[in-house]
Amino acid sequence: MDRGTLPPVFALLLAVCCLRPTSLAETVHCDLQPVDAEVTYITSQVSEGCVAQVPNATVEVHILFLESSRELSELELTLQKAQQNGTRPREVLLVLGANKNMLLRLQAPGIALNLAFNPKLIFQGHPGVNTTQLPPFTTKKQFLDWAETKGPIASIAELNDPQSILLRLDQAPRAPSSCNLEPLKDMGHTLEWSPLTPASVRGCRLEGVPGHKEAHIVRVLPGTEAGPRTVTVKVELRCASGDPDAVLILQGPPYVSWLIDANHNMQIWTTGEYSFKIFPEKNIRGFVLPDTPQGLLGEARRLNASMVASFVELPLASVVSLQAHSCGRGLQTSPPPVRTTPPKESCNQELLLSLIQPKCSEDVMTVVLKKDLISTLKCTITSLTFSDPRCHAEDRDDQLVLRSAYSSCGMKVTENVVRNEVVVNLLSSSSPQWKKVHCINMDSLSLQLGLFLSPHFLQASNTIELGQQGFVQVSMSPPIPELVLQLDSCHLDLGPDVDTVELIQSQTAKGSCVSLLSPGPAGDVRFSFLLRGYMVPTPTPGTLSCTVALRSRSLSPDVHRTISLRLNIVSPGLPDKGLVLPAVLGITFGAFLIGALLTAALWYIYSHTRPPGKREPVVAVAAPASSESSSTNHSIGSTQSTPCSTSSMA
């Protein structure tokens, strides 16, 4: 029967049945309120940013604008080294602009980094990082104009309340050649970050649904650029016993797939495709879900959930972590506290203790605290001592200095490590704060720097020729398992009239003539270099100097030492050809000997092939070196006697 002939009532019923069940969700009543759940995430989307390719630059520039809502915050910044594929490593200039006081924790392993920042940023230095204090710029344009004079800009990003940032220095393959700022920019692989404040999580009860089933809803909003990506969702439900009766609803753009890592079994309801961490290769097709909050609440109700234990909306993220405590015990609401009086600013004790970093030299431990940083942290220090209260800090103008030899002030000296504690008494606290500190005892250690002329590292030498490959090894005696040697920098000093030859900088080989080698059996650090003629124009003595870091797997800070070796650089030879003098003399003598032997051989052949007693015209034969004289002596009709003739004219 034709559908057009259906009775009107039956046609209406059919139309209602064909509607999506979630279309009724717009009428779902659910009063979303803050709940006791926490959602953190990592995203590549920034308030404003851009990425560009700078393939031929010797220095690439990255700029981060750090907007904070707090008077003081802490930032963890990690730079990840790019894959150079055999090309010369590039130096990196990182420009940081902060609007509020921010304490920077920096990690940049193996990167030749120059760091420029404005006065709002608190940075206590890092081995191998060159720093520049910028003027107090007030606009982005001032930062950009200054940075453009240093090199091409590879990336710019503005971030609001960042807690941690990962900046990758790889070239973006499809990026334009210039960096033009765009709002809500997806930085892709170049930059990922997590905000300081967790996302706002809300929940509600779904009226009219019996039971204790709970729904956790994560909605990921689309970004400015569509492209396939996977969002890792980590779910931790803290349940007293057994798996909860729960459903996880994940909704996002159609190009997003999900990788789920949950500590309990639960029902999964997603858009796109999803897989589980234990079976990542098995993709399961999801469903078409509503793309509005009300629609997702209706979907939860259709799945027989009696309450929404967590509901969160996030920007396009790469990792989402959800922690919840409900597990069927009912909705755990957490209404925001009502403040009747403005909060009183108090000392940030955690950041204050993090500023206490001892410096160790010549059997002395020194702790320095700058007064302006103490003031920024809203702290008032009444006393600063070691564990022995008789050893207190000296007040020196703009800083407090706590200093002691290893033999006093309660120092605990072991074979390799000297330990103590710094005690801080604050005006705002009735109990003192303690911070454990240590120094590595260098009295029992010695560092050796050796030059070898073969990769077997058997026979040390203090002489090297131009054009010869040298192999360098830094070793520690005796070897200590808890200490790791790391090579920060090495250079060859050839005197005041010749430029220094940089070999290693910021744990990175400088140029194609230098190669980092695998460590030795005892953890010795090794590298090789080839000394070209253009590096050293004349034979000269030189000094090879290396700075190494002794890093502890369980203690900090690192200890840095510089060791040197006097070298004799001999036989410059031909700078352009890269040949040393013995090689040039050998080639010259060999060419002369070959020419002489060839001439003698031709002469011998000629003299033994001529018939005896018969004088015939001889055609002149060109011979190397002596062809002109031979043709003269053996010209047509010659009556001169030769060394090989049997008779002569009377």
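As named in an unreviewed UniProt entry, the protein chain is Endoglin, taken from Ursus americanus. We quote the UniProt Subcellular location (unreviewed entry) comment for the protein chain here in full: "Cell membrane".

So, about the sheet that holds strand S16 (residues 214–220). With respect to topology, six strands assemble into an open sheet ordered S1-S15-S23-S16-S18-S20, the strand pairing being mixed. What marks the edges here is a single partner per strand, and that holds for strand S1 (33–34) and strand S20 (267–270). Examined bridge by bridge, S16 and strand S18 (residues 246–251) share six bridges and lie parallel to one another. Note that in S18 the partner of valine 218 across the bridge is leucine 250.

What follows is about the packing of aromatic side chains. Under the defined criterion, the tally for this structure stands at eight aromatic pairs. Measuring from centroid to centroid gives 5.6 Å for phenylalanine 65 and phenylalanine 143, while their planes differ by 85 degrees, and the two rings are edge-to-face. Of this pair, phenylalanine 65 sits in strand S4 (residues 59–67) while phenylalanine 143 is found in helix H2 (residues 140–148), placing the two residues 78 residues apart along the sequence. Considered together, phenylalanine 65 and phenylalanine 143 belong to a single accessibility category, that of buried residues. Seen in terms of ring centroids, tryptophan 269 and phenylalanine 287 are 3.9 Å apart; in terms of plane orientation they differ by 20 degrees. Their pairing is stacked. Placement of tryptophan 269 in strand S20 and of phenylalanine 287 in the loop between strand S22 (279–285) and helix H3 (293–302) is noted, with a sequence separation of 18 residues between them. The partly exposed category is assigned to phenylalanine 287, whose relative accessible area is 35%. Grouped by ring-pair contacts, the aromatic residues Phe65, Phe137 and Phe143 constitute a single cluster. Cation over ring: lysine 140 sits above phenylalanine 65, and NZ or CZ is 5.6 Å from the ring centre. Above the face of the phenylalanine 457 ring, arginine 526 is positioned so that its terminal group lies 4.0 Å from the ring centre.

This brings us to the sheet that holds strand S34 (residues 460–461). Think of a sheet as strands paired side by side through backbone hydrogen bonds, with each pair either parallel or antiparallel. Here we have five strands laid out as an open sheet, ordered S34-S33-S36-S41-S40, and antiparallel in their pairing. At either end of the open sheet lies a strand with only one pairing partner, and these are S34 and strand S40 (514–517). With four bridges joining them, S40 and strand S41 (residues 525–530) adopt antiparallel strand pairing. When the sheet's bridge partners are listed, leucine 517 is paired in S41 with arginine 526.

Looking now at the nonpolar core. In terms of nonpolar packing, the biggest core is built from 36 residues, with Leu487, Leu503, Phe527, Phe529 and Leu550 touching the most fellow members. Secondary structure elements with two or more residues in this core: strand S33 (446–452), strand S36 (469–477), strand S37 (483–493), strand S38 (501–505), S41, strand S42 (540–552) and strand S43 (559–570). Ignoring sequence-local partners within four residues, the contact set of leucine 487 consists of Val474, Ile504, Gln507, Val525, Phe527, Cys546, Thr547 and Val548.

For the rest of this paragraph, the subject is the state of the cysteines. The full count for this structure, using the stated rule, is six disulfides. A sulfur-sulfur separation of 1.4 Å characterises the disulfide bridge that pairs cysteine 30 with cysteine 204. Taking the torsion about the S-S bond as the criterion, the cysteine 30 to cysteine 204 disulfide, at about -85 degrees, is left-handed. Within this pair, whereas cysteine 30 is found in the loop between helix H1 (8–18) and S1, its partner cysteine 204 is found in strand S15 (residues 202–205), the two being separated by 174 residues in sequence. There is no split in this pair, since cysteine 30 and cysteine 204 are both buried. There is a disulfide in this structure between cysteine 347 and cysteine 379, and the S-S distance comes to 1.8 Å.

Once that is clear, we can look at H2. Within H2, burial applies to Phe143, Leu144 and Ala147. All buried residues of H2 fall inside an arc of 95 degrees around its axis, so they share one side.

Let us now look at the environment of glycine 49. Its location among the elements puts glycine 49 in strand S3 (residues 45–51). Of the residues examined, glycine 49 reaches a relative accessible area of 0% and is grouped as buried. A C-alpha to C-alpha distance of 5.0 Å links glycine 49 and isoleucine 156, two positions 107 residues apart in sequence.

To continue, consider the side chain of threonine 271. If you trace the backbone, threonine 271 turns up in the loop between S20 and strand S21 (273–276). Here threonine 271 is in contact with Leu250, Gln251, Gly252, Val256, Trp258, Phe287 and Leu289, once residues within four sequence places are set aside.

Procedures and definitions
Residues numbered from 1 in each chain as written. Predicted model: local features only at pLDDT ≥ 70, side-chain atom pairs only at ≥ 80, totals over all residues. Heavy atoms only, no water. UniProt positions renumbered as here; feature names shortened; annotations may be inferred. Pairing = 2+ DSSP bridges. Helix = DSSP H or I, 4+ residues; strand = E, 2+ residues; numbered from the N terminus. Phe/Tyr/Trp six-rings, centres within 6.5 Å; stacked < 30°, edge-to-face > 60°. Buried < 20%, exposed > 50% of the residue type's maximum accessible area, 1.4 Å probe, protein only. Lys NZ or Arg CZ within 6 Å of the ring centre and 35° of its normal. Core = buried A, V, L, I, M, F, W, Y, C linked by side-chain atoms within 4.5 Å. Contact = heavy atoms within 4.5 Å. Disulfide = S-S within 2.5 Å. Arc of directions from axis to C-beta.

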